[in-house]
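So you can see what is in the structure, the chains are spelled out below.
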2 protein chains.
Amino acid sequence: MHNQLPKHVKIVEVGPRDGLQNEKEAVSAAVKIELVDRLSRAGFTNIEAASFVSPKWVPQMATSAEVMAGIARRPGTLYSALTPNMQGFEAALAAQADEVVIFGSASEAFSQRNINCSIAESIARFEPVAKAAKDNGLRLRGSISCAFGCPYQGDVPLDAVADVVGRMRDLGCDEIDIADTIGVSTPRKTQAVMETAARAFALDRISGHFHDTYGQALANIYASLELGVTIFHSSVSGLGGCPYAKGATGNVATEDVVYMLNGLGIETGIALDIVVEAGAFISQHLGRKGASRAGNALLAKRTL
Amino acid sequence: MHNQLPKHVKIVEVGPRDGLQNEKEAVSAAVKIELVDRLSRAGFTNIEAASFVSPKWVPQMATSAEVMAGIARRPGTLYSALTPNMQGFEAALAAQADEVVIFGSASEAFSQRNINCSIAESIARFEPVAKAAKDNGLRLRGSISCAFGCPYQGDVPLDAVADVVGRMRDLGCDEIDIADTIGVSTPRKTQAVMETAARAFALDRISGHFHDTYGQALANIYASLELGVTIFHSSVSGLGGCPYAKGATGNVATEDVVYMLNGLGIETGIALDIVVEAGAFISQHLGRKGASRAGNALLAKRTL
């Protein structure tokens, strides 16, 4: 009746990049550096810290080189950067990123609407980046958006997920993210998608990236753990809104995920109290209440 | 690998009582009546609508008789009332409650701190209420707080849960709630507690009452579904804070639960869109943003 759960899980902290990129308020490089350093001290072995994309398109990420130059690198922690093209790759290499992230969608409609080309074309364009990553000894991660549903086309077929996972694998990705970009999945759907991905790529190198837009993220993570998924993305204090539903929640909060994993007896190597402090720090800078329920409850308990 | 999930789940909507009792702002009887009627129209078959307790102790519930007299009873819906003693029972009977609710704690420390007597004594005191309920053909529900953890003693032994479930059963309860009053449980702990309860009482008459204080409620509900639990409590728009951590979240939001059950293909008979409207209605009266993530996302989508 009870499936065995993994003994160890890796959490990829995406708050400094995916989170802050989707917040209304931009924060300074100094604040980002402080945030990344606090997260490093909390024990994360992988932090998504930068995106080397045109500041014309993503002004929040314009200080990525400055951030990467300013952080105190913790031995054992990989600092990742998004690289949309070779120009971004060269910048990531210069900034000494440990891992570069390429991305595509499992939704044909999303791909067409966002980058005006098919999924297959969008992935093929990353070939030079993937080759350069290998040539330079950098880790390569592939991120697949809208794998559980799309704001434009609604349902996304499992075959489309399998196809794009295969394309990312063939590019040489070391790790592949299966993302619920709009947070619409529920546990059994999650298991079906993750099982599909695991038929095309090694289960222990697949990560789950769940948004909490409909409050489902932890249930989806738990359902993924039951299948043996051991890598999850989360964002300190739930940084990052949902661009497709203004005012709604985005990334699942790291504090909530770590709280659950601690309760399940799954080792993460992460000090929850330091994450809670980091969440309070960045929420204060953004002038808003943190979006982590566990974080808010733990902070409230201190003031009793 | 995949356990079979139940085909049908009953949701007990506790917002009008458990929820509003724990909100800072009191609302008028007229607003409560409108809320209950909206929830009836949404299709709930069980709504916790009143508490016949001294208004000295719980001023928010002082209008319970007025609320029960003013609501439009939907055929097929049971309206429940808390009855701490025979005086409360007589009031509930006069108000034509369909079900009366008695309560105790699985935590000895909680029982001592809150009502100055042992768990065993506190349950024994309900004997006349239980007998009167049976004599008058009313349904009897027993609610067990702190079954997963206690704000005073921390851990609560499984034996203590089994013991109080047995006492509630022996009083003749038709249904027994296992409540995570402070929202500290995680999925495997939840399964251990629910399995313990199910050894002392019929599984199909056990309900899970989960608070979302640490964001764990949906994961706990999903883990309970895997065991075959078919009754859950929830509160529209997440009404009800956590009295043990100011500013933290309390009851799990009904909208989030229904969204998950819909996604899992589990029938509830509840119209999610009407629940979302009811949540917007009461949140507006309380002058705060709703605490349901699914509710907020669905409302935000409408304004796109």
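Predicted model only: the values in this text are computed from it and were never measured.

Glancing now at the overall build of chain A. From N to C terminus, chain A includes 13 helices and eight strands. In terms of overall dimensions, chain A is globule-like: its C-alpha atoms have a radius of gyration of 18 Å, near the 19 Å expected for 304 residues. Projected onto its principal axes, the C-alpha positions of chain A cover 55 × 50 × 35 Å. Scored against the burial criterion, the 304 residues of chain A give a buried share of 61%. Long-range pairs, those at least 24 residues apart, make up 75% of the contacts in chain A between residues at least 6 apart in sequence. Approximately 11100 Å² of chain A is accessible, and the part contributed by carbon and sulfur atoms is 52%. Between the averaged position of the 28 positive side-chain charges in chain A and that of its 32 negative side-chain charges there is a distance of 2 Å.

Residue and element names in this part refer to chain A. The parallel closed barrel is built from eight strands, whose spatial order is 1-2-3-4-5-6-7-8. Between one strand and the next, the sheet's axes are offset by a mean angle of 30°, whatever the strand orientation. For strand 1 (residues 10-13) and strand 8 (residues 231-234), the ladder comprises four bridges, and the chain directions are parallel. Along strand 8, the bridge assignment pairs E13 with S234. Where helix 10 (residues 217-227) meets the sheet, it contacts strand 6 (175-180), strand 7 (206-210) and strand 8, and its direction lies at approximately 165° from that of strand 7.

Between chain B and chain A, the contact holds 42 residues from the first and 42 residues from the second. Taking both partners together, chain B and chain A bury about 3800 Å²; carbon and sulfur atoms supply 53% of that area. Among the residues chain B hides against chain A, the three largest losses belong to B:R188, B:Y214 and B:R293. Together they make up 23% of the total. With a shortest N-O distance of 2.5 Å, B:D212 and A:R293 are connected by a salt bridge. Between the two partners, chain B and chain A, sit ten residue pairs in polar contact (both at pLDDT 80 or more). Those elements giving two or more residues to the side of chain B that touches chain A turn out to be helix 9 (187-200), helix 10 (217-227), helix 11 (254-263) and helix 13 (293-302) of chain B. Its residues assigned to classes, the side of chain B that touches chain A shows 22 nonpolar, eleven polar and nine charged.

Negative phi characterises most residues that are not glycine, and trans characterises most peptide bonds. Residues and elements named next belong to chain A. A positive phi angle is found at C146, which is not glycine, with a value near 55°. Within the secondary structure, C146 is located in the loop between strand 5 (139-145) and helix 8 (158-170). Residue classification places C146 among the buried residues on the basis of a relative accessible area of 0%. At S237, a residue that is not glycine, the phi angle is positive and equals roughly 60°. Mapping S237 onto the fold places it in the loop between strand 8 and helix 11 (254-263). The exposure class of S237 is buried, given its relative accessible area of 2%.

This part is about the relation of the copies chain B and chain A. Screw-axis analysis of chain B against chain A gives a translation of 0.0 Å along the axis, an RMSD of 0.0 Å, and a rotation angle of 180°. Taken together, the turn and the small shift mark the pair as related by a two-fold rotation axis. Scanning chain B for the C-alpha nearest the rotation axis identifies B:A219, at a separation of 2.0 Å. Same-surface contact between copies: 100% of interface residues of chain B are shared with the interface of chain A.

The next point concerns the pattern of salt bridges. Residue and element names in this part refer to chain A. For the structure shown, the criterion picks out 32 salt bridges over all chains. Between D174 and K134 there is a salt bridge, and its shortest N-O distance comes to 3.4 Å. Taken together, the positions of D174 in the loop between helix 8 and strand 6 and K134 in helix 7 (residues 127-135) put the pair 40 residues apart, joining distant regions of the chain. Looking at K134, the relative accessible area reads 39%, which means it is partly exposed.

This next bit is on the side chain of B:R141. Residues and elements named next belong to chain B. Its location among the elements puts R141 in strand 5 (residues 139-145). Looking at R141, the relative accessible area reads 0%, which means it is buried. Polar side-chain contacts of R141 include one of 3.0 Å to the side chain of E99. In this view, R141 contacts V12, E48, S80, E99, V100, V101, I102, C173, E175, D177 and H233; residues no more than four positions away in its chain are not counted.

With that settled, consider the confidence of the model for chain A. For chain A, per-residue confidence averages 95 on the pLDDT scale, and 99% of positions sit at 70 or higher. In the predicted complex, the global pTM is 0.97; the interface-specific ipTM is 0.96.

Our next topic: helix 7 (residues 127-135) of chain B. All names here are of chain B. For helix 7, the full list of buried residues reads V129, A130, A132 and A133. Buried residues in helix 7, looked at end-on, bunch into an arc of 165°, giving them a common side. In helix 7, the exposed positions angled more than 90 degrees off the buried face are occupied by K131 and D135. The elements touched by buried residues of helix 7 are helix 4 (86-94), strand 4 (99-105) and strand 5.

Moving on, we get to the environment of A:F201. All names here are of chain A. As for its position among the elements, F201 is in the loop between helix 9 (187-200) and strand 7. Along the chain, F201 and G166 lie 35 residues apart, while their C-alpha atoms are 7.2 Å from each other. For F201, the residues in contact, after removing those within four places along its chain, are V165, R169, C173, D174, E175, I176 and I206.

Two quantities define a packed helix pair, namely the angle between the axes and the distance from one axis to the other. Residues and elements named next belong to chain B. Put simply, helix 11 and helix 13 touch, their axes get as near as 6 Å, and they point 85° apart. By the angle class used here, helix 11 and helix 13 are roughly perpendicular. Contacts between helix 11 and helix 13 involve E255, D256 and Y259 from the first element and R293, A294 and G295 from the second.

Rules and cut-offs
- Residues numbered from 1 in each chain as written.
- Chains lettered and ligands numbered in written order.
- Predicted model: local features only at pLDDT ≥ 70, side-chain atom pairs only at ≥ 80, totals over all residues.
- Heavy atoms only, no water.
- Helix = DSSP H or I, 4+ residues; strand = E, 2+ residues; numbered from the N terminus.
- Rg over C-alpha atoms; globule rule 2.2 N^0.38 Å.
- Buried < 20%, exposed > 50% of the residue type's maximum accessible area, 1.4 Å probe, protein only.
- Contact = heavy atoms within 4.5 Å.
- Areas by Shrake-Rupley, 256 points an atom, 1.4 Å probe, with all protein chains shown as cover.
- Lys, Arg positive; Asp, Glu negative; His and termini not counted.
- Charge placed at Lys NZ, Arg CZ, Asp CG, Glu CD.
- Pairing = 2+ DSSP bridges.
- Axes fitted to C-alpha atoms, helices over the stretch in contact; angles between N-to-C directions.
- Buried area = accessible area lost by both parts, 1.4 Å probe.
- Salt bridge = Lys/Arg side-chain N within 4 Å of Asp/Glu carboxyl O.
- Polar contact = N/O pair within 3.5 Å; in protein donor to acceptor, adjacent residues only side chain to side chain.
- Nonpolar A, V, L, I, M, F, W, Y, C, P; charged D, E, K, R; others polar.
- Least-squares fit on C-alpha atoms with pLDDT ≥ 70 in both.
- pLDDT = per-residue confidence, 0-100.
- Arc of directions from axis to C-beta.
- Parallel < 35°, antiparallel > 145°, perpendicular 65-115°, else oblique.

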